[in-house]
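Geometric and topological summary
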Amino acid sequence: DQERRHRRTSPLRDPANIADKPQRIAALIDQLENVAALQAGYSPDYNFLKHPTVQAFVREGWEAVDPLLECYENDQRLTRVIPYNMFGGGGRGYSRTERTITSVREPAYVALENILETTQFAPAFTGKETPAEKQAIYHRTTAAMRAYSTQFQARSREERLYAILQDEHGRWLEAASILVQPLNK
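The residue numbering used here restarts from 1 in each chain and proceeds along that chain's sequence as written. Only residues with pLDDT of 70 or above have their local features reported here, since the model is predicted, and side-chain atom pairs are shown and tallied only from 80 upward, although totals for entire chains, interfaces and linings are computed over all residues. The side-chain numbers reported here are obtained from all heavy atoms of the structure, hydrogens and water having been left aside.

Some thoughts on unusual backbone geometry
Worth spelling out the cut-off: Strands are runs of DSSP state E lasting at least two residues, helices are runs of H or I lasting at least four, and both sets are numbered from the N terminus onward.
Here Glu-117, not a glycine, exhibits a phi torsion of approximately 60°, which is positive. For Glu-117, the location among the structural elements is in the loop between α5 (105-116) and α6 (131-152).

Structural data, given as structure tokens:
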């Protein structure tokens, strides 16, 4: 990935300087490779929502969903995040460390989850998947998010949440918790 970055002939565009929304979203997709986050403690989890690029996607709203879905499903680039899990093996505390560079798919997913306002699509990875199995999970997750987006994108936020409340198979508790939040939160 570092070689790919080195071969790039033009610098990444600054999304803040782009007035056209589709071009700004494309520039944000390009910027995902520069997402960085600090690890808190020994847990390998990061709060990508705190990164300005992910926050910018959330501000762009539903117009960013399709480009983010494409990125989540197919983008092979890496971020600048290298999580480690000091408790990753054998149940003996510091027995080994695991280090893998985080893909741009992870902050893209966080942006999607926050735009769609649901956690129902969280992919279940065990860490033992083959590359083909991982790609299949990305494909299934993307298809489910795309169907959700198609169903609700044209509705207002309130209409979407009320429709979820009316669906007996919907995630009504999640929708209800969003509806009762104060507006100034």
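Let's pick the thread back up.
Some remarks on the side chain of Glu-33
Basically, it comes down to this: Exposure categories follow from relative accessible area, calculated using a 1.4 Å probe and restricted to protein chains: below 20% of the type maximum is buried, above 50% is exposed, and the middle band is partly exposed. We call two N or O atoms a polar contact when they sit within 3.5 Å, provided that within protein one can donate a hydrogen and the other can accept it, with sequence-adjacent residues counted only if both atoms are side-chain atoms. Whether two residues are in contact is decided by their heavy atoms, any of which lying within 4.5 Å being enough.
Structurally, Glu-33 can be placed in the loop between α2 (21-31) and α3 (52-60). Under the relative-accessibility criterion, Glu-33 is labelled buried at 1%. Within the structure, Glu-33 has its side chain in polar contact with the side chain of Arg-8 (distance 2.8 Å). At 3.3 Å, the side chain of Glu-33 forms a polar contact with the side chain of Arg-77. Not counting residues within four places of it along the chain, the set of residues in contact with Glu-33 comprises Arg-4, Arg-5, Arg-8, Leu-12, Arg-77, Leu-78, Thr-79, Arg-80 and Val-104.

Remarks on the packing of aromatic side chains
This is how it is decided: Two rings from Phe, Tyr or Trp (for Trp, the six-membered ring) form a pair when their centres are within 6.5 Å of each other. A pair whose planes differ by under 30 degrees is stacked, one over 60 is edge-to-face, and the rest are tilted. For a lysine, the NZ atom is tested; for an arginine, the CZ atom; a charge sits over a ring if that atom is within 6 Å of the ring centre and within 35 degrees of the ring normal.
Applying the stated criterion to the full structure yields 5 aromatic pairs. Between Arg-105 and the ring centre of Tyr-138, over which it is positioned, the NZ or CZ distance is 3.8 Å.

Concerning the packing of helix α4 (residues 65-74) against α6
For clarity, the cut-off: Every axis in this analysis is a line fitted to C-alpha atoms, fitted for helices over the stretch in contact. Angles between the N-to-C directions lie between 0 and 180 degrees. Throughout this description, any angle smaller than 35 degrees is read as roughly parallel, any larger than 145 degrees as roughly antiparallel, any in the 65 to 115 degree range as roughly perpendicular, and the remainder as oblique. Rotating anticlockwise by less than a right angle from the far helix to the near helix defines a left-handed crossing, while the corresponding clockwise rotation defines a right-handed one. Three categories are distinguished: nonpolar for Ala, Val, Leu, Ile, Met, Phe, Trp, Tyr, Cys and Pro, charged for Asp, Glu, Lys and Arg, and polar for the others, with Gly belonging to the last.
Between α4 and α6, the least distance of the axes is 8 Å, while the angle of their chain directions is 165°. Judged by the inter-axis angle, α4 sits roughly antiparallel to α6. At the point where α4 passes α6, the crossing takes the left-handed sense. Contacts between α4 and α6 pair Val-65, Asp-66, Leu-69, Glu-70, Tyr-72, Glu-73 and Asn-74 from the former with Gln-135, Tyr-138, His-139, Thr-141, Thr-142, Met-145, Arg-146 and Ser-149 from the latter. Broken down by class, the residue content of the contact of α4 with α6 amounts to 5 nonpolar, 6 polar and 4 charged.

Examining α6
This is how it is decided: Expected helix span is taken as 1.5 Å per residue step, with the number of steps being one fewer than the number of residues. What the arc describes is the spread of directions from the helix axis to the C-beta atoms.
The terminal C-alpha atoms of α6, which comprises 22 residues, lie 32 Å apart, in line with the 32 Å expected from a rise of 1.5 Å per residue. Every buried residue of α6 is accounted for by Ile-137, Tyr-138, Thr-141, Thr-142, Met-145, Tyr-148, Ser-149 and Phe-152. What you see down the axis of α6 is that its buried residues fit within an arc of 130°, all on one side. Turned more than 90 degrees away from the buried face of α6 sit Ala-132, Arg-140 and Thr-150, all of them exposed. On its buried face, α6 is in contact with α4, α5 and α7 (157-166).

Description of the nonpolar core
Most often, soluble globular proteins keep nonpolar side chains buried together rather than apart. Note the threshold: We define the nonpolar core as a collection of buried residues of types Ala, Val, Leu, Ile, Met, Phe, Trp, Tyr and Cys that are connected through side-chain atoms lying within 4.5 Å of one another.
Among the nonpolar cores identified, the biggest contains 36 residues, and Leu-32, Phe-57, Leu-68 and Met-145 are the most heavily contacted of them. Counting only elements with at least two residues in this core, the list comes to α2, α3, α4, α5, α6, α7 and α8 (172-179). In terms of residue count, α5 provides more of this core than any other element does, 7 residues in total.

What to know about α2
Buried within α2 are the following residues: Arg-24, Ile-25, Ala-27, Leu-28, Ile-29 and Gln-31. Along its buried surface, α2 packs onto α3 and α4. Near the N-terminus of α2, the side chain that reaches the backbone nitrogen of Gln-23, with its oxygen 3.2 Å away, is that of Asp-20.

Digging into the pattern of salt bridges
Convention followed: Between Lys or Arg on one side and Asp or Glu on the other, a salt bridge is scored when a side-chain nitrogen of the former is within 4 Å of a carboxyl oxygen of the latter.
Counted under the stated rule, the structure contains 14 salt bridges. The shortest N-O distance in the salt bridge between Arg-77 and Glu-33 comes to 3.3 Å. A residue pair is termed long-range when its members are at least 10 positions apart, and Arg-77 in the loop between α4 and α5 and Glu-33 in the loop between α2 and α3 qualify at 44 residues. Judged by its relative accessible area of 12%, Arg-77 is buried.

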